[in-house]
Amino acid sequence: HTVFDSTYRRSRQVWIYTPPGYDAKAATPYPLVVAFDGDEYRDTMPLPMILDTLLAARKAPAFVAVLIDNGEGAVRIADLGNAPRMTDFLAKQLVPWVRKGWRVTTDPKRVIITGSSAGGLAASYVAFVQPQLFGNVWSQSGAVWRGADGSNGAPYEWLTSQVKAAPPKPVRYVLDVGALENHATLGGAGPNFLEASRRFRDALEAKGYDVTYTEVPGGNHAPRWWKTRLADGIVLLSAGWSSR
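Attention in this report is confined to the structure presented alongside it. Everything quoted here is computed from the prediction, not taken from an experiment. (Residues numbered from 1 in each chain as written. Predicted model: local features only at pLDDT ≥ 70, side-chain atom pairs only at ≥ 80, totals over all residues. Heavy atoms only, no water.)

### Quick word on the pattern of salt bridges
For step 1, the next point in the chain: Enumeration according to the criterion identifies 11 salt bridges in this entry.
For step 2, the next point in the chain: One salt bridge in this structure joins arginine 12 and aspartate 5, with 2.8 Å as the shortest N-O distance. Accessibility assignment for this pair places arginine 12 and aspartate 5 in one class, buried.
For step 3, the next point in the chain: Residues joined in a network through salt bridges with shared partners are Asp5, Arg10, Arg12 and Asp79. (Salt bridge = Lys/Arg side-chain N within 4 Å of Asp/Glu carboxyl O. Buried < 20%, exposed > 50% of the residue type's maximum accessible area, 1.4 Å probe, protein only.)

Below, the structure written as structure tokens:
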């Protein structure tokens, strides 16, 4: 689908996955997965195939999934770098559009928002700001070292500071980072990626959030590592949910 994003004032592609046997009139709405960098999650890290496989193996319920295009370069960071405009787009336009067109839940506890790198940061940020929509975060190598609203400058680790300053939100976080992501960002001028991830985890835990954190042995900042573990976070977060 091509959606005109009235917040960013541009058209963007959105892909909708429905599971085998999808019933638009089902008595119980389907749980929802929302993924940033939708073209990558369509192909490179094939979320639709993963959801099909998990459903067939009865390891996860039948989901509807929304894959959102976020472009590249500065356009992508303007979408995914702690961006208030993205929360507005999701809350005011995209989620209502999805609910109108597909039989999906309105219960945030049955919604997962996911992404990797800047998309992982965006998932963490959006749920923090909009917990009434997104109750579960699956962030892989989330770029939590970043500053506010797309900034590459200080103050760094902006979302971590927001977590420390605010009352806890009803959001569950599953966080991965590669054990080899132990390096400074911005060519040495920014925070250490792995250490920033640890500080984000610590801030969440200190506030009482439900956090599952993994430093992936041998993992670095690349889709091949995220693809390998993408199913794991979905299974973990949806454990105990009914088939719909």
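Structure's up, so let's keep going.
### Description of the environment of tyrosine 22
For step 1, the next point in the chain: Note on placement: tyrosine 22 falls in the loop between strand S2 (10-17) and strand S3 (32-35).
For step 2, the next point in the chain: By relative accessible area, tyrosine 22 is classed as partly exposed at 23%.
For step 3, the next point in the chain: Sequence-wise, tyrosine 22 and serine 141 are 119 residues apart; in three dimensions their C-alpha atoms are separated by 32 Å.
For step 4, the next point in the chain: Those residues in contact with tyrosine 22 that lie beyond four places of it in its chain are Tyr30, Val64, Trp102 and Arg103.
For step 5, the next point in the chain: Here arginine 103 takes part through its backbone nitrogen, which lies 2.9 Å from a polar atom of the side chain of tyrosine 22. (Helix = DSSP H or I, 4+ residues; strand = E, 2+ residues; numbered from the N terminus. Contact = heavy atoms within 4.5 Å. Polar contact = N/O pair within 3.5 Å; in protein donor to acceptor, adjacent residues only side chain to side chain.)

### Quick look at the pairing of S2
For step 1, the next point in the chain: Where strand S1 (residues 2-5) meets S2, 4 bridges bridge the pair, whose relative direction is antiparallel. Note on S2: the bridge partner recorded for threonine 2 is glutamine 13.
For step 2, the next point in the chain: Linking S1 to S2, which pair antiparallel, is a turn of 4 residues; within it arginine 9 sits at a positive phi near 60 degrees. (Pairing = 2+ DSSP bridges.)

### Considerations on the sheet that holds strand S5 (residues 111-116)
For step 1, the next point in the chain: Ordered in space as S1-S2-S4-S3-S5-S6-S7-S8, the 8 strands form an open sheet in which the pairing is mixed. What marks the edges here is a single partner per strand, and that holds for S1 and strand S8 (210-216). The average undirected angle you get between the axes of adjacent strands in this sheet is 20 degrees.
For step 2, the next point in the chain: In the sheet, strand S6 (residues 136-140) pairs with strand S7 (residues 172-178) via 5 bridges, with the strands oriented parallel. Its bridge partner lying in S7, tryptophan 138 is registered against valine 174. (Axes fitted to C-alpha atoms, helices over the stretch in contact; angles between N-to-C directions.)

### A word on helix H6 (residues 158-165)
For step 1, the next point in the chain: Among the residues of H6, those classed as buried are Leu159, Thr160 and Val163. Within H6, the buried residues cover an arc of 105 degrees as seen down the axis, which keeps them to one side. Residues of H6 that are exposed and point more than 90 degrees away from the buried face comprise Lys164 and Ala165.
For step 2, the next point in the chain: Against the buried residues of H6 lie helix H5 (118-129) and helix H7 (193-206). (Arc of directions from axis to C-beta.)

### Things to note about the nonpolar core
For step 1, the next point in the chain: Within the largest apolar cluster, 55 residues are counted, with the highest numbers of intra-cluster contacts made by Phe36, Leu90, Ile113, Phe134 and Tyr173.
For step 2, the next point in the chain: With 8 residues, H5 is the single largest residue contributor to this core.
For step 3, the next point in the chain: Every residue in contact with phenylalanine 134, bar those within four places of it in the chain, is listed here: Val34, Leu90, Val95, Pro108, Val111, Ile113, Val126, Ala127 and Val171.
For step 4, the next point in the chain: Residues Met45, Ile50, Leu54 and Ala231 belong to the second largest nonpolar core, which totals 23 residues. (Core = buried A, V, L, I, M, F, W, Y, C linked by side-chain atoms within 4.5 Å.)

### Focus on the packing of helix H4 (residues 84-101) against H5
For step 1, the next point in the chain: Put simply, H4 and H5 touch, their axes get as near as 10 Å, and they point 65 degrees apart. For the element pair H4 / H5, the angle class is roughly perpendicular. When you trace H4 past H5, the crossing you get is right-handed. Packed against H4, whose contacting residues are Pro84, Met86, Thr87 and Leu90, the element H5 presents Tyr125, Val126 and Val129 at the interface.
For step 2, the next point in the chain: Residues belonging to the contact of H4 with H5 are distributed by class as follows: 6 nonpolar, 1 polar and no charged. (Parallel < 35°, antiparallel > 145°, perpendicular 65-115°, else oblique. Left-handed = near helix turned anticlockwise from the far one by under 90°. Nonpolar A, V, L, I, M, F, W, Y, C, P; charged D, E, K, R; others polar.)

### A short note on the side chain of aspartate 69
For step 1, the next point in the chain: Among the structural elements, aspartate 69 can be located in the loop between strand S4 (64-68) and helix H3 (73-80).
For step 2, the next point in the chain: Here aspartate 69 sits buried without a salt bridge, and the closest side chain of opposite charge, arginine 12, lies 5.7 Å off (N-O distance).
For step 3, the next point in the chain: Residues contacting aspartate 69, with those up to four places away along its chain left out, are Arg12, Gln13, Trp15, Gly38, Asp39 and Asp79. (Lys, Arg positive; Asp, Glu negative; His and termini not counted.)

### Things to note about H7
An α-helical turn contains 3.6 residues, so any two residues separated by three or four positions project in the same direction.
For step 1, the next point in the chain: Along its 14 residues, H7 runs 20 Å from first to last C-alpha, staying within 8% of the 20 Å computed at 1.5 Å per residue.
For step 2, the next point in the chain: Taken residue by residue, H7 has Phe193, Leu194, Ala196, Ser197, Phe200, Arg201, Ala203 and Leu204 as its buried positions.
For step 3, the next point in the chain: Tucked into the core, H7 has its buried residues touching H5, H6, S7 and S8.
For step 4, the next point in the chain: Between the side-chain oxygen of the N-cap and the backbone nitrogen of leucine 194 there are 3.0 Å, and the N-cap of H7 in question is asparagine 192.
For step 5, the next point in the chain: Glycine 208 lies just past H7 and shows a positive phi near 95 degrees. (Expected span 1.5 Å × (residues − 1).)

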